[in-house]
Amino acid sequence: MTISAVYLDGRCILRIDGPLTIYEAGESKLRLLDELNLAQIVEVDLAGVAELDTAGIQLLLLLKREAMRQNKPIAFQGHSKAVLAVIDLYNMAAVFGDPVVISGQGAR
């Protein structure tokens, strides 16, 4: 799992690539919260998330809650199939409140 950050005018675009599971949660938590503390606006690109479990969704919820506590706008975008499956499984779309684009690729 890798997390990359690009800053533009106080806005931070975070890209997560690879699995976001219990095995990466500790390391990911520190990195994501550090980037949130530096940025004024955060966008989290989830297109590269290959696997997501309960720990991963809890981490995304923590990031959203911490951004709200700091009065910083945060948006999750580019949801991968793995992310969409977990959001759907837990019925969490309304909790995140971000537009979700469902690709026609791989649809049956």
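In what follows, the structure referred to is the one given above.
Residues numbered from 1 in each chain as written. Predicted model: local features only at pLDDT ≥ 70, side-chain atom pairs only at ≥ 80, totals over all residues. Heavy atoms only, no water.

Enquirer: How should unusual backbone geometry be read in this particular structure?
Expert: Phi is mostly negative for residues that are not glycine, and the peptide bonds are mostly trans. Unlike most non-glycine residues, N71 shows phi in positive territory, near 55°. Within the secondary structure, N71 is located in the loop between α2 (54-69) and β4 (74-77). A positive phi is found at N91, a non-glycine position, where the angle reads about 55°. (Helix = DSSP H or I, 4+ residues; strand = E, 2+ residues; numbered from the N terminus.)

Enquirer: Is there a simple way to think about the packing of helix α1 (residues 25-38) against α2 in this case?
Expert: How two helices sit against one another is set out by the angle between their axes and by the gap between those axes. Close contact between α1 and α2 brings their axes to 10 Å; oriented N to C, the two are set at 20°. It follows that α1 is roughly parallel to α2 by the angle criterion. Here α1 runs over α2; the crossing is right-handed. Contacts from A25, S28, K29, L32, L33 and L36 in α1 reach A55, L59, L62, L63, E66 and A67 in α2. Grouping the amino acids of the contact of α1 with α2 by side-chain chemistry returns nine nonpolar, one polar and two charged. (Axes fitted to C-alpha atoms, helices over the stretch in contact; angles between N-to-C directions. Parallel < 35°, antiparallel > 145°, perpendicular 65-115°, else oblique. Left-handed = near helix turned anticlockwise from the far one by under 90°. Contact = heavy atoms within 4.5 Å. Nonpolar A, V, L, I, M, F, W, Y, C, P; charged D, E, K, R; others polar.)

Enquirer: Could you clarify how one ought to interpret the pattern of salt bridges in this entry?
Expert: Oppositely charged side chains are able to pair whenever their charged atoms sit close together. On inspection of all chains with the given rule, the structure shows five salt bridges. With a closest N to O distance of 3.0 Å, D17 and R15 form a salt bridge. For R15, a relative accessible area of 30% translates into the label partly exposed. The salt bridge involving R31 is made with E35; its shortest N-O contact spans 2.9 Å. (Salt bridge = Lys/Arg side-chain N within 4 Å of Asp/Glu carboxyl O. Buried < 20%, exposed > 50% of the residue type's maximum accessible area, 1.4 Å probe, protein only.)

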